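# Overview (structure and organization)
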Amino acid sequence: MKTLPDIEPATRSGAERFFASLDHGVRRVRPLRWFLLWPVWTRPGYWFATACVFVYGMVLPGRLRTKGGMHYFSGMPAWAFGRGGTTIGAIYLTRDNDADDVITHEAEHKEQWKRYGLWFIPLYIAAGNDPLTNRFEVGAGLELGGYVRRRRTATDGTSSR
């Protein structure tokens, strides 16, 4: 898992402020943070989330696929996930947003789920709804996730706009 950047959203909703205050409190007490993020506690949450989303995906009219080691349901109804797709546990839900770069981005979210378990939910909420300032989205790669345009380098002969 990549290191998460230390960024904060400019504004937060009430729920985001609540979870951010909990996150900041736990960060101050290193032994508590270490204990809560111990894989003995987080891994079962990751497995539980994966099992729940697998059942969810099987019940809805999606098709289970695998690409680059990432399991995902494609063809899901638009209301069944957020933005262009959502990773929960080890499974990605989407309608048709399954380009290689996006799958790489979502694989990083899978690793985040593995590290944080069910704590990932309040931590993600605390990071804010704007993907440009959400440390989990930035850590997974904004360009890979399609949030910003890929910067072109001088070696590939194109400009960044």
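Scroll up for the structure.
Anyway, here's the lowdown on the structure attached to this text. (Residues numbered from 1 in each chain as written. Predicted model: local features only at pLDDT ≥ 70, side-chain atom pairs only at ≥ 80, totals over all residues. Heavy atoms only, no water.)

It is worth spelling out the sheet that holds strand S1 (residues 63-67) at this point. Pairing within the open sheet is mixed, and its four strands lie in the order S1-S2-S4-S3. Of all strands in the sheet, those bounded by a partner on one side alone are S1 and strand S3 (85-88). Neighbour to neighbour, the strand axes of the sheet diverge by 25° on average, direction disregarded. Note: S1 against strand S2 (residues 70-74), five bridges, orientation antiparallel. Following the sheet pairing, Leu 64 is matched in S2 by Phe 73. Contacting S1, S2, S3 and strand S4 (91-94), helix H4 (residues 100-116) crosses the sheet at an angle of about 30° to S3. (Pairing = 2+ DSSP bridges. Helix = DSSP H or I, 4+ residues; strand = E, 2+ residues; numbered from the N terminus. Axes fitted to C-alpha atoms, helices over the stretch in contact; angles between N-to-C directions. Contact = heavy atoms within 4.5 Å.)

Here the focus is the nonpolar core. Soluble, globular proteins show a tendency: their nonpolar side chains are buried together. The biggest cluster of nonpolar side chains holds 11 residues, and these are Leu 4, Leu 37, Tyr 46, Ala 49, Ala 90, Trp 113, Tyr 116, Phe 120, Leu 123, Ala 127 and Phe 136. Listed by contribution, the elements that provide at least two residues to this core are helix H3 (39-59), H4 and helix H5 (120-126). Counting eight residues, the second largest nonpolar core, distinct from the first, contains Leu 60, Met 76, Ile 91 and Leu 93. (Core = buried A, V, L, I, M, F, W, Y, C linked by side-chain atoms within 4.5 Å. Buried < 20%, exposed > 50% of the residue type's maximum accessible area, 1.4 Å probe, protein only.)

Let us now look at the packing of aromatic side chains. Tallied over the full model, the rule gives 12 aromatic pairs. Summarising the aromatic geometry, the rings of Phe 18 and Phe 19 are spaced 5.1 Å apart at their centres and angled 70° between planes, so their arrangement reads as edge-to-face. On the accessibility criterion, Phe 19 (24% relative accessible area) is partly exposed. Residues Trp 113 and Phe 120 carry aromatic rings whose centres are separated by 5.1 Å and whose planes lie at 50° to one another, so their mutual orientation is tilted. Trp 113 sits in the buried class, given a relative accessible area of 4%. Connected via pairs of aromatic rings, a cluster forms that spans Trp 113, Tyr 116, Phe 120, Tyr 124 and Phe 136. (Phe/Tyr/Trp six-rings, centres within 6.5 Å; stacked < 30°, edge-to-face > 60°.)

What follows is about the packing of H3 against H4. The description of two helices packed together rests on the angle between their axes and the distance between the axes. Closest axis-to-axis distance for the H3/H4 pair is 6 Å, and the angle between their directions is 130°. Looking at the two axes, H3 sits oblique to H4. Facing H3, whose interface residues are Thr 42, Arg 43, Tyr 46 and Ala 49, H4 presents Lys 110, Trp 113, Lys 114, Arg 115 and Tyr 116. In the contact of H3 with H4, the residues fall into four nonpolar, one polar and four charged. (Parallel < 35°, antiparallel > 145°, perpendicular 65-115°, else oblique. Nonpolar A, V, L, I, M, F, W, Y, C, P; charged D, E, K, R; others polar.)

Here the focus is helix H1 (residues 14-28). Under the 1.5 Å per step criterion, the end-to-end length of H1 is 22 Å for 15 residues, consistent within 8% with the ideal 21 Å. Regarding H1, the residues found buried are Glu 16, Ala 20 and Asp 23. Each buried residue of H1 sits inside an arc of 60° when the element is viewed along its axis, so together they form one side. For H1, exposure combined with an orientation more than 90 degrees from the buried face picks out Arg 17 and Arg 28. (Expected span 1.5 Å × (residues − 1). Arc of directions from axis to C-beta.)

Attention now goes to a nonpolar patch on the surface. Together, Val 29, Leu 32, Trp 34, Phe 35, Trp 38, Val 40 and Trp 41 line one region of the surface with nonpolar side chains, adding up to about 700 Å² of accessible area. Looking at the nonpolar patch, the elements with two or more residues in it are helix H2 (30-36) and H3. No other element matches the three residues that H2 contributes to the nonpolar patch. Position of Val 29 among the secondary structure elements: in the loop between H1 and H2. (Patch = residues over 30% accessible without salt bridge, like charges linked within 9 Å, V, L, I, M, F, W, Y side chains within 5 Å. Areas by Shrake-Rupley, 256 points an atom, 1.4 Å probe, with all protein chains shown as cover. Salt bridge = Lys/Arg side-chain N within 4 Å of Asp/Glu carboxyl O.)

Now for the pairing of S2. Within S2, four of the five residues are buried, which leaves it mostly tucked inside the rest of the structure. Linking S1 to S2, which pair antiparallel, is a turn of two residues; within it Gly 68 sits at a positive phi near 55°. With three bridges connecting them, S2 and S4 associate as parallel partners. Bridging across to S4, His 71 finds its partner in Ile 91.

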